[in-house]
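If you want the building blocks of each chain, they are given just below.
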Amino acid sequence: WHRRVVKRRPLKYLMSIPPNELPPIQDMPPRGGYPQIKFERHLPSRGPKGWQIWAGATLAIAFGFNQVRRCNNERNQEKLQERANRYAIAPILQAEEDRKYMIREYIALKREAEIMKDVPGWEVGKNHYNSKKWFPRAVDDFKQSLIG
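Please read these numbers as outputs of a predicted model, since none were measured by experiment.

> Whenever I open this one, the overall build of the protein chain confuses me. Can you help?
Helix and strand content of the protein chain: two helices and two strands. Reading the helices (α) and strands (β) of the protein chain from amino to carboxyl end gives β-β-α-α. The 148 residues of the protein chain split such that 4% are buried. Put simply, 44% of the contacts in the protein chain that link residues at least 6 apart link residues at least 24 apart. Accessible surface, the protein chain: about 15000 Å² in total, of which carbon and sulfur atoms supply 60%.

> Explanation requested: the pattern of salt bridges in the structure shown.
Any two side chains of opposite charge can pair, on the condition that their charged atoms come close. Per the stated rule, a full pass over the model turns up five salt bridges. Between Glu 82 and Arg 86 there is a salt bridge, with its nearest N and O atoms 3.3 Å apart. Placement of both Glu 82 and Arg 86 in helix α1 (residues 50–115) is noted, with a separation of four residues, approximately one turn of the helix. The exposure class assigned to Glu 82 is partly exposed, which follows from its relative accessible area of 40%. For Arg 86, a relative accessible area of 54% gives the class exposed. In this structure, Lys 117 engages Glu 114 in a salt bridge whose closest nitrogen and oxygen atoms are separated by 3.1 Å. Assessed through its relative accessible area of 53%, Lys 117 is described here as exposed. Members of the salt-bridge network, linked through shared partners, are Glu 96, Glu 97 and Lys 100.

> Would you mind showing me how to read the side chain of Glu 112 here?
Its location among the elements puts Glu 112 in helix α1. Polar side-chain contacts of Glu 112 include one of 3.4 Å to the backbone nitrogen of Gly 125.

> Mind showing me how you'd approach α1 here?
Each turn of an α-helix holds 3.6 residues, which means side chains three or four residues apart point in the same direction. At Ile 89, α1 is bent by approximately 40 degrees, the largest bend along its length, and proline Pro 91 sits one to four residues beyond. Regarding α1, the residues found buried are Tyr 101, Glu 105, Ala 108 and Glu 112.

> Can you walk me through a nonpolar patch on the surface in this structure?
The grouping of Ile 89, Ile 92 and Leu 93 at the surface amounts to a nonpolar patch, some 290 Å² of accessible area in total. Tracing the backbone shows Ile 89 in helix α1. For Ile 89, a relative accessible area of 42% puts it in the partly exposed group.

> Would you mind going over the confidence of the model for the protein chain with me for this structure?
Low-pLDDT stretches of the model should not have their predicted coordinates read in fine detail. Of the residues in the protein chain, 74% have a pLDDT of 70 or more, and the chain-wide mean is 82. Ranking the elements of the protein chain by mean pLDDT puts helix α2 (residues 144–147) last with 46 and α1 first with 94. Contacts from residues 144–148, a stretch scored under 50 in pLDDT, to residues over four places away or in other chains number two contacts.

Rules behind the numbers
- Residues numbered from 1 in each chain as written.
- Predicted model: local features only at pLDDT ≥ 70, side-chain atom pairs only at ≥ 80, totals over all residues.
- Heavy atoms only, no water.
- Helix = DSSP H or I, 4+ residues; strand = E, 2+ residues; numbered from the N terminus.
- Buried < 20%, exposed > 50% of the residue type's maximum accessible area, 1.4 Å probe, protein only.
- Contact = heavy atoms within 4.5 Å.
- Areas by Shrake-Rupley, 256 points an atom, 1.4 Å probe, with all protein chains shown as cover.
- Salt bridge = Lys/Arg side-chain N within 4 Å of Asp/Glu carboxyl O.
- Polar contact = N/O pair within 3.5 Å; in protein donor to acceptor, adjacent residues only side chain to side chain.
- Bend = angle between axes of the 7 residues up to and from the residue.
- Patch = residues over 30% accessible without salt bridge, like charges linked within 9 Å, V, L, I, M, F, W, Y side chains within 5 Å.
- pLDDT = per-residue confidence, 0-100.

Have a look at this one:
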């Protein structure tokens, strides 16, 4: 190390007097200077770039919409198949209900004939309302305990 001796000023220019009369010693840098300080920032990567995030989000959303579309198509095909099956068996179910209706109607007409056998001029099964339009009779599967 190299020391540099600072010249003393006259006492009239000093603001204070040093504690001893020796001239102050000041440390100086070494010859050639201090080594250079590395102050660059070496930060780790903070994650994907903005465009990469946008691309990933866009791909995820596109994949999700594709899955929704595919599932909707599958569900629509299942509904179509179910509807076709129901249309196919509808005549069979209707025929079965018609057969049950005819049995209930026959039983109701027999009961009506038994009840009204003493009434003169009574026609069994005739609609006593003045209407030209045909309606099925209201014949249900009620139990006798519920009727009265």
